[in-house]
Amino acid sequence: MCICGQEQNFEVCCEPYINGGKIAPSPEALMRSRYSAYTLGNAKYIYNTYAQEKQAENPIKEISEFANSCQFIKLEMIDSQDQSETGYVEFKAHYLFRNLYCTLYEKSEFIKVDGAWFYLDGDIKETPEVKLNRNDVCPCGSNKKFKKCHYK
Ligand SMILES: [Zn+2]
Ligand SMILES: [Zn+2]
């Protein structure tokens, strides 16, 4: 299974987009590969797939700090729409920040430039943060206790 939750392996799912071998054919494919890149801490790919006008306000350093301070545990795809020049993807990215279980619930907008999709912007919906105790079951699905799994 790929990091993004698809059935295929990472090598045939998100990796070809991340290493530049293939262009993501849809907003959803791009979004999934960006999620995988966050998980891997590949800030350069995330930066490069921002729409050009958004790159200045999202420096690689900040992307990298966010990616490295969080542990992404699951991507939940809710909806995606692909029109010819714009597209939308609604998703929940589940991650841990220290002992907080957080959900980024976002409807993202993508634009197509010269045949390639880029992330433009997103509407973020308010989600609760859940504080985890060391003995809680880890929310990643491992069935292990938090302290024996994603606890840092
Ligand atoms: Zn993938
Ligand atoms: Zn875990």
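None of these values were measured; they are calculated from a predicted model.

Cut-offs and rules
- Numbering of residues starts from 1 in each chain and follows the order in which that chain's sequence is written.
- Each chain gets a letter, beginning with A, and each ligand a number, beginning with 1, in the order they are written.
- At least 70 in pLDDT is required for a residue's local features to be given in this predicted model, at least 80 for side-chain atom pairs to be given and counted, and no such filter applies to totals for whole chains, interfaces and linings, which use all residues.
- With hydrogens and water excluded, all non-hydrogen atoms of the structure serve as input to the side-chain values.
- Within this analysis, patches are made of residues with over 30% relative accessible area and no salt bridge. Like charges are joined at 9 Å or less; nonpolar side chains (Val, Leu, Ile, Met, Phe, Trp, Tyr) at 5 Å or less.
- Accessible surface is estimated by sampling points in the Shrake-Rupley manner with a 1.4 Å probe; for residues, cover comes only from the protein chains shown.
- Think of a salt bridge as a Lys or Arg side-chain nitrogen and an Asp or Glu carboxyl oxygen that are within 4 Å of each other.
- His residues and chain termini do not enter the charge count, which takes Lys and Arg as positive and Asp and Glu as negative.
- We put the charge of a Lys on NZ, of an Arg on CZ, of an Asp on CG and of a Glu on CD.
- Each helix is a run of H or I in the DSSP string that is no shorter than four residues. Each strand is a run of E no shorter than two, and both are numbered from the N terminus.
- Any residue under 20% of the maximum accessible area for its type is buried, any over 50% is exposed, and the rest in between are partly exposed; the area is computed with a 1.4 Å probe on protein chains only.
- In this listing, donors mean N, O and S atoms no farther than 2.8 Å from the metal, or 3.2 Å for Na, K and Ca; water is missing from the atoms, so a site can look incomplete.
- When four donors show all angles between 85 and 135 degrees the site is tetrahedral, when four or six donors have opposite pairs over 155 degrees and all other angles between 65 and 115 it is square planar or octahedral respectively, and in every other case it is irregular.
- Each polar contact in these results corresponds to two N or O atoms within 3.5 Å; when the atoms are within protein, one needs to be able to donate a hydrogen and the other to accept it, and residues that are neighboring in sequence are counted only if both atoms are side-chain atoms.
- Here, two residues are considered to be in contact whenever any of their heavy atoms come within 4.5 Å of each other.

K.L.:
Help me understand a positive patch on the surface in this model?
P.N.:
A contiguous patch of positive charge, built from Arg134, Lys145, Lys147 and Lys148, is present on the exposed surface. Among the secondary structure elements, Lys145 is positioned in the segment after β5 (130–131). Using a relative accessible area of 41% as the deciding quantity, one classes Lys145 as partly exposed.

K.L.:
It is not clear to me how the coordination of the zinc ion (ligand 1) should be interpreted in this structure. Could you clarify?
P.N.:
Surrounding the zinc ion (ligand 1) are the protein donor atoms Cys2 (SG), Cys4 (SG), Cys13 (SG) and Cys14 (SG), which sit 2.3 to 2.4 Å from the metal. In this structure, the zinc ion (ligand 1) is coordinated by four donor atoms arranged in tetrahedral fashion, with angles at the metal of 105 to 116°. When the donors of the zinc ion (ligand 1) are listed by position in the chain, the intervening gaps give C-x1-C-x8-C-C. Pair noted here: Cys4 is in the segment before α1 (15–18) and Cys14 is in the segment before α1, with a separation of ten residues, a long-range link. Per residue, the accessibility class of Cys4 equals that of Cys14, and both read buried.

K.L.:
Any chance you could explain the side chain of Glu106 here in plain terms?
P.N.:
Here Glu106 shows up in strand β3 (residues 100–113). Buried within the structure, Glu106 lacks any salt-bridge partner; its nearest side chain of opposite charge belongs to Arg34, at an N-O separation of 6.9 Å. Among the polar contacts listed, one links the side chain of Glu106 to the side chain of Tyr119, at a separation of 2.6 Å. Once residues within four sequence positions are removed from consideration, Glu106 is found in contact with Val89, Glu90, Phe91, Tyr119, Asp121, Gly122, Asp123 and Ile124.

K.L.:
What is the right way to read the coordination of the zinc ion (ligand 2) from this model?
P.N.:
For a metal with four donors in a tetrahedral arrangement, the ideal angle between donors is 109.5 degrees, while six donors in an octahedron ideally sit at 90 or 180 degrees. Only Cys138 (SG), Cys140 (SG), Cys149 (SG) and His150 (ND1) from the protein coordinate the zinc ion (ligand 2), and they sit 2.0 to 2.3 Å from it. Viewed at the metal, the four donor atoms of the zinc ion (ligand 2) are separated by angles of 105 to 116°, and the geometry they form is tetrahedral. In terms of primary sequence, the donors binding the zinc ion (ligand 2) are separated according to C-x1-C-x8-C-H. The class of Cys138 is buried, set by a relative accessible area of 3%.

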